Amino acid sequence: MPKPIFVLNGPNLNLLGVREPHIYGTTTLDEVRDRTAARAQTLGFSIDFRQSNHEGVLIDWVQAARTDASALVINPAGLGHTSIALLDALKALTIPIVECHLSNPAARESFRRHTYVSLAATGQVTGFGAVSYELAVEAAARLAQGPSTAPSPSQGA
Ligand code: CA2
């Protein structure tokens, strides 16, 4: 079994499904965790799903991912727009990093259009609600498995 994919969640995401359902939907973070775990399992991975309201705790978990994770999915929430310290921690990783958002920050207020996390991320999945996490973990799993060995069309018979 490969190392787990870390799925880290930033401040206020513990309120998911409880407050502001018009923006973030009615699915709770526990339900997101269960769906994401199920998708990861079909891809041969487990997940380590965590949430904190504290920047330093998230940074400690990012640092732990250096040795303990196959890949990292992170919804940094508001910290994505503000935290250079979180970016610095992410830059120390060599594993794939997928930035994940429930909403589409590019379609919201202008201050959400930039994230520091995107400077370290391999890619982003945004705007699909809870499904963003499933797609992000699928991308992370595929990246962690390395390049496909399937022949490209130009290599065919
Ligand atoms: O769309 C996302 O996933 C965000 O990361 C959510 C952040 C926001 O600051 C980002 O721009 C986009 C906010 C997380 C707060 O989550 C809540 C959930 C329910 C009720 C209140 C807050």
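For the structure, check the block above.
Here goes a summary of the coordinates provided. (Residues numbered from 1 in each chain as written. Predicted model: local features only at pLDDT ≥ 70, side-chain atom pairs only at ≥ 80, totals over all residues. Heavy atoms only, no water.)

## Here we look at the overall build of the protein chain
Piece 1. Per the secondary structure count, the protein chain includes five helices and five strands.
Piece 2. Ordering the α and β elements of the protein chain from the N terminus gives β-α-α-β-α-β-α-β-β-α.
Piece 3. Computed over C-alpha atoms, the radius of gyration of the protein chain comes to 16 Å, within 12% of the 15 Å expected from 2.2 N^0.38 for 157 residues, which places it in the range of a compact globule.
Piece 4. C-alpha extents for the protein chain along the principal axes are approximately 55 × 30 × 30 Å.
Piece 5. Considering the protein chain as a whole, with its 157 residues, one finds that 42% of them fall into the buried category. (Helix = DSSP H or I, 4+ residues; strand = E, 2+ residues; numbered from the N terminus. Rg over C-alpha atoms; globule rule 2.2 N^0.38 Å. Buried < 20%, exposed > 50% of the residue type's maximum accessible area, 1.4 Å probe, protein only.)

## With respect to the side chain of histidine 81
Piece 1. If you trace the backbone, histidine 81 turns up in the loop between β3 (71-75) and α4 (84-91).
Piece 2. By relative accessible area, histidine 81 is classed as buried at 16%.

## Some details on the site of the ligand
Piece 1. Around the ligand, the surrounding shell holds 16 residues, and the nearest of these are Asn75, His81, His101, Leu102 and Ser103.
Piece 2. Taking glycine 78, its main chain carries an N or O atom lying 3.5 Å from an oxygen atom of the ligand.
Piece 3. Leucine 102 is positioned with one of its backbone polar atoms (N or O) 2.7 Å from an oxygen atom of the ligand.
Piece 4. Protein chains shield 94% of the accessible area of the ligand, which is 510 Å² for the free molecule. (Near = heavy atom within 4 Å. Polar contact = N/O pair within 3.5 Å; in protein donor to acceptor, adjacent residues only side chain to side chain. Areas by Shrake-Rupley, 256 points an atom, 1.4 Å probe, with all protein chains shown as cover.)

## As for the nonpolar core
Generally speaking, nonpolar side chains in soluble globular proteins are found buried as a group.
Piece 1. Counting residues in each nonpolar core, the largest one holds 23 residues, and the members touching the most others are Ile5, Val7, Val73 and Tyr133.
Piece 2. For this core, the secondary-structure elements that each account for two or more residues are β1 (5-9), α2 (29-42), β2 (47-51), β3, β4 (97-101) and α5 (131-145).
Piece 3. In terms of residue count, the dominant contributor to this core is α5 (five residues).
Piece 4. If you look at the next biggest cluster of nonpolar residues, it comprises 21 residues, including Leu58, Val62, Ala65 and Leu93. (Core = buried A, V, L, I, M, F, W, Y, C linked by side-chain atoms within 4.5 Å.)

## Section: the pairing of β3
Piece 1. Of all five residues in β3, five are buried; the element is thus mostly enclosed.
Piece 2. Of the two faces of β3, the one lined by Ala71, Val73 and Asn75 and the one lined by Leu72 and Ile74 are each fully buried.
Piece 3. A crossover connection joins β3 to the parallel β4 through α4; in handedness this β-α-β unit is right-handed. (Right-handed = clockwise from strand over helix to strand, strands pointing away.)

## A closer look at the packing of aromatic side chains
Piece 1. Counting across every chain of the model gives one aromatic pair.
Piece 2. Between phenylalanine 49 and tyrosine 133 the ring centres are 6.2 Å apart and the planes differ by 40°, which places this aromatic pair in the tilted class. Separated by 84 residues along the polypeptide, phenylalanine 49 in strand β2 and tyrosine 133 in helix α5 bring together distant segments of the chain. The pair phenylalanine 49 / tyrosine 133 is uniform in exposure class, with both members buried.
Piece 3. Arginine 50 extends its terminal NZ or CZ atom over the ring of phenylalanine 6, reaching a point 4.9 Å from the ring centre. (Phe/Tyr/Trp six-rings, centres within 6.5 Å; stacked < 30°, edge-to-face > 60°. Lys NZ or Arg CZ within 6 Å of the ring centre and 35° of its normal.)

## Some points on the pattern of salt bridges
Piece 1. Applying the stated criterion to the full structure yields eight salt bridges.
Piece 2. Residue arginine 33 is joined to aspartate 30 by a salt bridge in which the shortest nitrogen-to-oxygen separation is 3.3 Å. Taken together, the residues arginine 33 and aspartate 30, both in helix α2 and three residues apart, mark about one turn of the helix.
Piece 3. Judged by its relative accessible area of 47%, aspartate 30 is partly exposed.
Piece 4. Note that arginine 39 and glutamate 138 form a salt bridge whose closest N and O atoms lie 2.5 Å from each other. Separated by 99 residues along the polypeptide, arginine 39 in helix α2 and glutamate 138 in helix α5 bring together distant segments of the chain. (Salt bridge = Lys/Arg side-chain N within 4 Å of Asp/Glu carboxyl O.)

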